[in-house]
Amino acid sequence: SKALGTGVYVAALVGDTLPAWLLPASLFLVSGAIAFSVGSSWGTFSIMLPIAIPVAAARGADPALFVAAVLSGGIFGDHSSPISDTTIVSSLASGTDHLDHVSTQLPYALLAGSLSLAGFLILGVFFLW
């Protein structure tokens with residue numbers, strides 16, 4: 001990713017089309033979608049962090065907020081994913097049906113994810129407006 005210049009490319013692609021204050025929330029959503037799709041928070045981190053940090057640098061922003069958005073989104077997506085290893089192990093360890101476990105955990109994950117998204121929107125407005 002670094003050799004290809006993916007972070008710089010994405011920063012140039014986003015350019016002025018997406019306001020800076022929306023970037024943390026967008027990174028949270030994209031990271032969540034990737035982690036949900038592949039069932040891996042660490043895999044999501046390895047994809048998104050080399051993109052998010054150069055985007056923050058290109059926009060002149062503190063990368064801590066961008067890293068937090070990627071980490072939070074990755075954990076949210078991984079926890080919500082029915083194909084995540086931790087979700088599968090949790091349902092096995094508790095002796096419940098896997099889909100029952102997923103359906104009972106999803107409301108809590110969605111509540112936490114919604115609050116996190118709202119937080120990243122608020123932080124984006126206050127720190128990147």
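So, here is what we can say about the structure in this document.

Criteria and cut-off values
- Counting restarts for each chain, with residues numbered from 1 along the sequence as it is written.
- Only residues with pLDDT of at least 70 are given local features in this predicted model, and only at 80 or more are side-chain atom pairs given and counted; all residues enter the totals for whole chains, interfaces and linings.
- Side-chain metrics rest on all non-hydrogen atoms present in the structure, leaving aside hydrogens and water.
- Each helix is a run of DSSP H or I of at least 4 residues and each strand a run of E of at least 2, with the numbering of both proceeding from the N terminus.
- Only heavy atoms matter for contacts: two residues are in contact if any of them lie within 4.5 Å across the pair.
- For the area figures, the Shrake-Rupley method with a 1.4 Å probe applies, and any residue is considered shielded solely by the protein chains shown.
- With a 1.4 Å probe rolled over the protein chains alone, any residue whose accessible area is under 20% of its type maximum counts as buried; one over 50% counts as exposed, and the rest are partly exposed.
- For the purposes of these results, a polar contact is taken to be a pair of N or O atoms within 3.5 Å, where, inside protein, one atom must be able to donate a hydrogen and its partner to accept one; residues adjacent in sequence count only when each atom of the pair is a side-chain atom.
- For our purposes a nonpolar core is just a set of buried Ala, Val, Leu, Ile, Met, Phe, Trp, Tyr and Cys residues, chained together by side-chain atoms within 4.5 Å.
- Note on aromatic pairs: the rings of Phe, Tyr and Trp (six-membered ring only in Trp) are paired at centre separations within 6.5 Å, and the planes decide the class, stacked below 30 degrees, edge-to-face beyond 60, tilted for the rest.

Notes on the overall build of the chain
Within the chain one finds six helices and zero strands. Listing the helices and strands of the chain from first to last along the sequence gives α-α-α-α-α-α. C-alpha atoms of the chain, sized along the principal axes, occupy 50 × 35 × 20 Å. Restricting to contacts in the chain with at least 6 residues of sequence separation, those with at least 24 account for 71%. Roughly 7,300 Å² of accessible area belongs to the chain as shown, and the carbon and sulfur atoms make up 73% of that amount.

A few points about the environment of Asp97
In this fold, Asp97 is placed in the loop between helix 5 (85–94) and helix 6 (98–128). Judged by its relative accessible area of 43%, Asp97 falls in the partly exposed class. Separated by 39 residues in the primary sequence, Asp97 and Ala58 place their C-alpha atoms 47 Å from one another. Reaching out from Asp97, the side chain makes a polar contact with the backbone nitrogen of Leu99 at a distance of 3.3 Å.

Here we look at the nonpolar core
Most often, soluble globular proteins have nonpolar side chains that are buried together. Counting residues in hydrophobic clusters, the biggest one holds 19 residues, and the most contacted among them are Leu27, Val55, Phe66, Val70, Phe120 and Leu128. With six residues, helix 3 (residues 41–58) is the largest single contributor of residues to this core. Excluding its chain neighbours within four sequence positions, the residues that come into contact with Val70 are Leu27, Ser31, Phe45, Met48, Leu49 and Ala52.

Examining the side chain of Asp78
With respect to the helices and strands, the residue Asp78 is situated in helix 4 (residues 63–80). A polar contact of 2.6 Å, which involves the side chain of Asp78, links it to the side chain of Ser84. If we ignore the near neighbours within four places in the chain, the residues touching Asp78 are Ala35, Phe36, Gly39, Ser40, Ser41, Ser84, Asp85, Thr86 and Thr87.

Focus on the packing of aromatic side chains
According to the stated counting rule, one finds three aromatic pairs in the structure shown. Each ring, one from Phe28 and one from Phe76, has its centre 5.7 Å from the other, and the planes form 25 degrees; the classification is stacked. Placement of the pair is Phe28 in helix 2 (residues 23–38) and Phe76 in helix 4, with a sequence separation of 48 residues. Residues Phe28 and Phe120 carry aromatic rings whose centres are separated by 5.7 Å and whose planes lie at 35 degrees to one another, so their mutual orientation is tilted. Taken together, the residues Phe28 in helix 2 and Phe120 in helix 6 connect sequence positions 92 residues apart. With a relative accessible area of 2%, Phe28 lands in the buried category.

Some words on the environment of Phe66
As for its placement among the helices and strands, Phe66 is situated in helix 4. Classification of Phe66 by relative accessible area gives buried; the value is 0%. When the C-alpha positions of Phe66 and Ser46 are compared, they lie 14 Å apart, and in sequence the two are 20 residues distant. If we skip the residues at most four places from it in the chain, Phe66 touches Leu23, Leu27, Ala52, Val55, Ala56, Ala61 and Leu128.

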